[in-house]
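Descriptive structure summary
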2 protein chains.
Amino acid sequence: MASAVEWVAVDWGTSNLRAWGIDAAGEIQFSRSSPDGMSRLSREQYPSVLTGLLTEVHEPVDVLICGMAGARQGWLEAPYLDAPADLRTLSRGAVSPEMPGNQFAPAILPGVCQRDVGAEDVMRGEETQLLGLSALIPGFSGLVIMPGTHSKWAMLDGTTLSRFSSAMTGEIFELLRVHSVLRHSFNGELEGEERDIGFDAGLALGLDKPERLTATLFKVRAGALLSGRSPAWCAGFLSGLLIGAEIGGQRDWIGSAEIPLIGSVGLCSLYQGALEKLGAKSRIVDATDATLAGLKAARQG
Amino acid sequence: MASAVEWVAVDWGTSNLRAWGIDAAGEIQFSRSSPDGMSRLSREQYPSVLTGLLTEVHEPVDVLICGMAGARQGWLEAPYLDAPADLRTLSRGAVSPEMPGNQFAPAILPGVCQRDVGAEDVMRGEETQLLGLSALIPGFSGLVIMPGTHSKWAMLDGTTLSRFSSAMTGEIFELLRVHSVLRHSFNGELEGEERDIGFDAGLALGLDKPERLTATLFKVRAGALLSGRSPAWCAGFLSGLLIGAEIGGQRDWIGSAEIPLIGSVGLCSLYQGALEKLGAKSRIVDATDATLAGLKAARQG
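Report on the accompanying structure.

This brings us to the sheet that holds strand E7 (residues 104-108) of chain A. Residue and element names in this part refer to chain A. With mixed pairing, 5 strands are arranged side by side in an open sheet as E3-E2-E1-E4-E7. Each edge of the open sheet carries a strand with a single partner, namely strand E3 (28-34) and E7. The average undirected angle you get between the axes of adjacent strands in this sheet is 20°. Judged from the 6 bridges that link them, strand E2 (residues 17-23) and E3 form a sheet pairing that is antiparallel. In the strand pairing of E3, Arg-18 is matched with Ser-33. The strands touched by helix H1 (residues 46-53) are strand E1 (5-12), E2, E3, strand E4 (61-67) and E7; relative to E1, the strand with the most contacts, the crossing angle is about 125°. Relative to E1, helix H9 (residues 287-300) is tilted by about 125°, and along the sheet it contacts E1, E2, E3 and E4.

Here it is as structure tokens:
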């Protein structure tokens, strides 16, 4: 099987690493994953981690990498392309880190940045998914939302990324859940029906009053103290409030096109329900499909 | 000197404890402070901490306490009064914890809560400062802002607290500075002129777009990466952004009356500057003055 592999596609993120062996027909011959993301690696460790992941490959192959391996603190910095950017030019911005031996020829794709003062933003990895989306939905034009630790909202027109914005929704949820005074409201079972009820209440408030987020967040604690809200309700409320504020505060980005959502299915489903409240249609696109389609398109580009 | 002490005023907060010996004329005879706030004490430790703080008092005295000592996880729970509340009734809601010996007769004032579903909120300690404010500025009616870890916005009409809201501004600043991806932007000198410039930029954005807070927060990181913003600039920007969002998102609370600001002078000065941008006048009221005036008024009430 491994003899058929022509190149290796790699998504090297902050906390994960995934690799797929692709044959000449574009079919996946194997896939591997590891927790050796950028955050736990020093620069010198990348070659051996990659070699250790690809032991079944015996011929010389190209390895095309997207994600945080190209960050300043990663393997080798791949300078950002500037938005607006035609994502078909991604591979032209790739950099080639040194790799012992002749078997693997790695290339790391760049991220995209937006330099306008006051709208500065960066992405690494999502640009490849957006290129993939332009291949999966040819000619798509409109808003794409990529929910996650740092959710990305991107305006895509064919293969052109015109502008984008990151929201710290997922990270803020985790910070508040683990470190803030709100943590006292999360001692116990966090799943179940109560979570859905809390989510809906938080979502409605977040969508309606995104400008009051620093104040409405405290309702988690006060709701637990005064109204006997369960930990599951509080967790749902906090999640709904943050997602609602993210969407409610940026609703002017929403157009008439169906919105592709790229991310984990569970999280994307929450966003889909939230968007429905605003009358906006969306569809969930598998994140791995988008990444693979993007790496393939970049290789051909 | 200590022989003149008639009663002891105590502000027992989450992370600090302060006590003042007051004579029959209402003058302060001594003041003491300690880091033995609620967060580091078990219920059993309160009596000995109090006794240890008041070694120079030899006669039997009343001890009137406000703050977190009356929380469920404090010395003895003092159930909340419900807003709207006439703060002159605070002392009627006081509870008396057990205290060995006959020297000290402690009473803990209640906090105030707001039970309306969706607007649930709580305070403990600030209600005493608000009662104090009503004594320092007799007949005052309007908005009072109390900047801090959990900033309080309160509508006061004479001695009546009609409604209030807590914003987690200070706590979110600390969480993001210490634990989030933004922390990478704060390695270095955080004070100086650059901080003021960053603060003004963040403040303008926060006031203008409070609904985009989850997205604008990421500009701290992107500004450092793309525009070479210094740690001091980033710290100022983050502070300005959060204070701006707190104020901008609640600007409908602002009326025509001069706004008393109760809190640390440094923090209140930042709020004062921010309010000026909206054309709102404010004046800084010393937090200790407000607390002491409140405890005195509660004792007389």
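Next comes the rest of the description.
Turning our attention to the interface of chain B and chain A. You'll often see interface size given as the accessible area lost when the parts meet. Chain B puts 50 residues into the contact, and the matching count from chain A is 51 residues. Linking chain B with chain A are 4 salt bridges. We note a salt bridge from Asp-252 of chain B to Arg-212 of chain A, for which the minimum N-O separation is 2.3 Å. For the side of chain B that touches chain A, the secondary structure elements donating two or more residues are strand E8 (112-114), strand E9 (121-123), strand E12 (160-167), helix H3 (169-179), helix H5 (213-216), helix H6 (218-227) and helix H7 (231-248) of chain B. In terms of residue count, the dominant contributor to the side of chain B that touches chain A is H6 of chain B (8 residues).

Here the focus is the sheet that holds strand E3 (residues 28-34) of chain B. Residue and element names in this part refer to chain B. The strand order E3-E2-E1-E4-E7 describes an open sheet built from 5 strands, whose pairing is mixed. Across the chains shown, the open sheet's two edge strands, defined by having one partner strand only, are E3 and strand E7 (104-108). Within the sheet, the average angular offset between the axes of one strand and its neighbour, ignoring direction, is 20°. Along the sheet face, helix H9 (residues 287-300) touches strand E1 (5-12), strand E2 (17-23), E3 and strand E4 (61-67) and points at about 125° away from the line of E1.

What counts, and where the lines are drawn
Residues numbered from 1 in each chain as written. Chains lettered and ligands numbered in written order. Predicted model: local features only at pLDDT ≥ 70, side-chain atom pairs only at ≥ 80, totals over all residues. Heavy atoms only, no water. Pairing = 2+ DSSP bridges. Helix = DSSP H or I, 4+ residues; strand = E, 2+ residues; numbered from the N terminus. Axes fitted to C-alpha atoms, helices over the stretch in contact; angles between N-to-C directions. Contact = heavy atoms within 4.5 Å. Salt bridge = Lys/Arg side-chain N within 4 Å of Asp/Glu carboxyl O.

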